[in-house]
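# Fold and geometry: a report
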Amino acid sequence: MNSDIPIKILFLAADPSDASGLCLGQELRDIKERLQIAKERDKYLLEQRESVRVRDITQAIFDVKPQIIHFSGHGTSQSELAFENELGNYQLVEPEALAAMFELFADQVKCVVLNACYSEI
């Protein structure tokens, strides 16, 4: 990778209104602060999308062309992630569906970080 081209990080956040509230703004602020104090901070470019709906994910990837995707939100014990629907409420997505979507961008996306309950599963 050319060292003059920044590594793009796409921060996706979803906190459906019918779920318990998360401190996603604080998490984003912490990430920005850590990037700001990094020795090679100019190598990174952070883009963010909040209140993410399922249909927003692929559009954000096409727009930003990230190498790293960081999702913050809710997860379930069945390994589903909770995005928002048109009304801002829960819309669960199965891990297989997300994996298939990320597979489409495997040449571009090198790392996916999932920060949600049960995301280790």
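Report on the accompanying structure. Not measured: the values here are computed from a predicted model.

Okay, the pattern of salt bridges next. With the rule as written, the count across this model stands at 6 salt bridges. A salt bridge links Arg 29 to Glu 33, with the nearest nitrogen and oxygen atoms 3.9 Å apart. Of this pair, Arg 29 and Glu 33 are both found in helix 1 (residues 24–37), 4 residues apart, which corresponds to roughly one turn of the helix. Exposure remark for Glu 33: the relative accessible area of 42% places this residue in the partly exposed category. Between Lys 43 and Glu 40 there is a salt bridge, with its nearest N and O atoms 2.8 Å apart. Looking at Lys 43, the relative accessible area reads 33%, which means it is partly exposed. Of the residues examined, Glu 40 reaches a relative accessible area of 45% and is grouped as partly exposed.

The next thing to look at is the nonpolar core. Membership of the largest hydrophobic core comes to 19 residues, with the highest contact counts inside it found for Leu 12, Ile 57, Ile 61, Phe 83 and Leu 98. Only strand 1 (7–13), helix 2 (54–64), strand 3 (68–72), strand 5 (81–84) and helix 3 (95–103) provide two or more residues apiece to this core. Among the elements that make up this core, the one with the highest residue count is helix 2 (4 residues). In terms of nonpolar packing, the next biggest core, distinct from the first, is built from 7 residues, Phe 11, Ala 13, Leu 28 and Leu 35 among them.

By secondary structure assignment, the location of Thr 76 is in the loop between strand 4 (74–75) and strand 5. Here Thr 76 falls in the buried class, since its relative accessible area comes to 12%. In contact with Thr 76, not counting residues within four places along its chain, are Leu 92, Cys 117 and Tyr 118.

A word on the sheet that holds strand 4. One open sheet accounts for 3 strands, arranged 4-5-6; its pairing is antiparallel. A strand with exactly one partner marks an edge of an open sheet, and here the two such strands are strand 4 and strand 6 (90–93). Examined bridge by bridge, strand 4 and strand 5 share 2 bridges and lie antiparallel to one another. The partner of His 74 across the bridge, within strand 5, is Ala 82.

What counts, and at which threshold
- Residues numbered from 1 in each chain as written.
- Predicted model: local features only at pLDDT ≥ 70, side-chain atom pairs only at ≥ 80, totals over all residues.
- Heavy atoms only, no water.
- Salt bridge = Lys/Arg side-chain N within 4 Å of Asp/Glu carboxyl O.
- Helix = DSSP H or I, 4+ residues; strand = E, 2+ residues; numbered from the N terminus.
- Buried < 20%, exposed > 50% of the residue type's maximum accessible area, 1.4 Å probe, protein only.
- Core = buried A, V, L, I, M, F, W, Y, C linked by side-chain atoms within 4.5 Å.
- Contact = heavy atoms within 4.5 Å.
- Pairing = 2+ DSSP bridges.

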